[in-house]
Amino acid sequence: MKITMIGTGYVGLVSGACFADFGHDVVCVDKVAEKIQAIESGRMPIFEPGLDQLVANNASAGRLTFTTDLAAGVKGADAIFIAVGTPSRRGDGHADLSYVYAAAREIAESLDGPTVIVTKSTVPVGTGDEVERIVKEVRPDLDIQVVSNPEFLREGAAIGDFKRPDRVVVGTTGNERAIAVMAQVYRPLNLNQAPVMFTGRRTAELIKYAANAFLATKITFINEMADLCEAVGAEVQEVSRGIGLDNRIGSKFLHAGPGYGGSCFPKDTLALVKTGQDYDTPIRIVETVVQVNDLRKRAMGRKIVKALNGDARGKKVALLGLTFKPNTDDMRDAPSLAIVQALEDAGAKIAAYDPEGMEVAAPMMPSVAMMGDAYEAAAGADALVLVTEWDIFRALDLKRLAGSMNTPLLIDLRNIYPRTEAEEAGFSLIRVGGQGVTAG
Ligand SMILES: NC(=O)c1ccc[n+]([C@@H]2O[C@H](COP(=O)([O-])OP(=O)(O)OC[C@H]3O[C@@H](n4cnc5c(N)ncnc54)[C@H](O)[C@@H]3O)[C@@H](O)[C@H]2O)c1
């Protein structure tokens, strides 16, 4: 099959490379020429484990090519995926669909025959209808089907998620050719017995938002439990374990921390809230989740200042981890941004280390000194804050760190270090949602 991917970002590049690895012929299109040139010369524009090798293997096998020329890229394609960004629209939080609609128009103008256009970007209910309207307006002469196929991959584990998904959701208007093409696109997944769920187009669009909002709710729920644990002298990690062992609840997404961030949950929860309001069916749970999470990120800054006896002026705070989660260089809506802002407002000097995120982070936080490793960041600091749980921060030499600091204070926002270990190394420890001690 010939597949064209419009947009070669996190989703487009990973999906394109994985489809090529399934044996399809894939062309990835992006309008940013430097991005395409970088990829062609073997430099990945994003950090994603295993991606460079996957791209290199499939490019050298001739199944994966890259271009800035959309018109050439879509010629003869059986399926054309739209994987462009859908950020929050400035001002009102609705999803900004301008890139999706512009791509749809460009595709339609360039087509040389019937095809299936697949929206992989996360788009609100009804977007498929509008894409179809645009395409039909431009090309009334062609039979073009518009399908929704939301993507559920997670950055940092994207290739595994794409190749072994929990499920694939395909939304159509019931057209047989569209269903047959999509079944063919995902046929290689039959080997992994991944369920491909066919449903209505509007339903598929909503499934993506419902999934993200549910996960964001789970995180926010345990974060509020963490606050309650602190107030009543309970341990949130034990609460998570105690409820997560119940199969109806499940243990994933029950880790208390500094609030969710990233390129998806913040914008998608907000967009769902707006959709609910537009249709006069407010989704109050998600409205609350959005508010609670926003407040939480800023509260983490205050937690650090409080640990510095309420006065951060002139004190040095070292941050470990800046990206919104490990194994990515994505800084979009990362909790570290709000933490840095709060610390700067309180007069602190900030040093930081992140294994992959510093290049992207540096222009977003120009006053932060980016250091070569955790030990350099901590030297002479008054507080060490574990913000993102990269593996490399899981087995730090705590004695060495404590010994090099001005005040050995560890604020572990990911609850990685047990109290005994930190205290034996000479640290005073502050965690999230409890003391980190277990009775019995
Ligand atoms: N990042 C994730 O983890 C993730 C996971 C699931 C779903 N999604 C969704 O997938 C979509 C894409 O997200 P992303 O993180 O890959 O975004 P991204 O910003 O990394 O990539 C989008 C790319 O599209 C390109 N582009 C925009 N308009 C174009 C056009 N007309 N022609 C060619 N290229 C064009 C941009 O230059 C950019 O490189 C979003 O809707 C997002 O919500 C993202």
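Residues numbered from 1 in each chain as written. Predicted model: local features only at pLDDT ≥ 70, side-chain atom pairs only at ≥ 80, totals over all residues. Heavy atoms only, no water.

- By the naming in an unreviewed UniProt entry, the chain goes by UDP-glucose 6-dehydrogenase and is assigned to Sphingobium vermicomposti.
- Of the chain, the UniProt comment under Catalytic activity (unreviewed entry) reads exactly: "UDP-alpha-D-glucose + 2 NAD(+) + H2O = UDP-alpha-D-glucuronate + 2 NADH + 3 H(+)".
- Under Sequence similarities (unreviewed entry), UniProt gives the following word-for-word description of the chain: "Belongs to the UDP-glucose/GDP-mannose dehydrogenase family." (UniProt positions renumbered as here; feature names shortened; annotations may be inferred.)

## Let's talk about the pattern of salt bridges
Where charged atoms from two side chains of opposite charge approach closely, those side chains can pair.
At step 1: Within the structure shown, the criterion is met by 23 salt bridges.
At step 2: Taking the shortest distance from any N to any O, the salt bridge between E151 and K120 comes out at 2.9 Å. You can see E151 sitting in the loop between β6 (144-148) and α7 (158-163) and its partner K120 sitting in the loop between β5 (115-119) and α6 (127-138), a full 31 residues away along the chain. Residue E151 shares its accessibility class with K120, and that shared class is buried.
At step 3: The shortest N-O distance in the salt bridge between R202 and D129 comes to 2.9 Å. Of the two residues, R202 sits in helix α9 (residues 201-232) while D129 sits in helix α6, which places them 73 residues apart along the sequence.
At step 4: With relative accessibility at 31%, the residue D129 sits in the partly exposed group.
At step 5: Linked by salt bridges that have partners in common, D129, E132, K136, R201 and R202 make up one network. (Salt bridge = Lys/Arg side-chain N within 4 Å of Asp/Glu carboxyl O. Helix = DSSP H or I, 4+ residues; strand = E, 2+ residues; numbered from the N terminus. Buried < 20%, exposed > 50% of the residue type's maximum accessible area, 1.4 Å probe, protein only.)

## Some remarks on the site of the ligand
At step 1: The environment of the ligand is formed by 25 residues, the closest being D30, K35, T86, E155 and K267.
At step 2: Between the ligand and the protein, one listed contact pairs an oxygen atom with a side-chain N or O atom of R332 at 3.1 Å.
At step 3: Taken together, the residues of the shell around the ligand break down into nine nonpolar, seven polar and nine charged.
At step 4: Two domains each put at least three residues into the shell around the ligand: domain 1 (2-194) and domain 2 (212-431). (Near = heavy atom within 4 Å. Polar contact = N/O pair within 3.5 Å; in protein donor to acceptor, adjacent residues only side chain to side chain. Nonpolar A, V, L, I, M, F, W, Y, C, P; charged D, E, K, R; others polar. Domains from an automatic or database assignment.)

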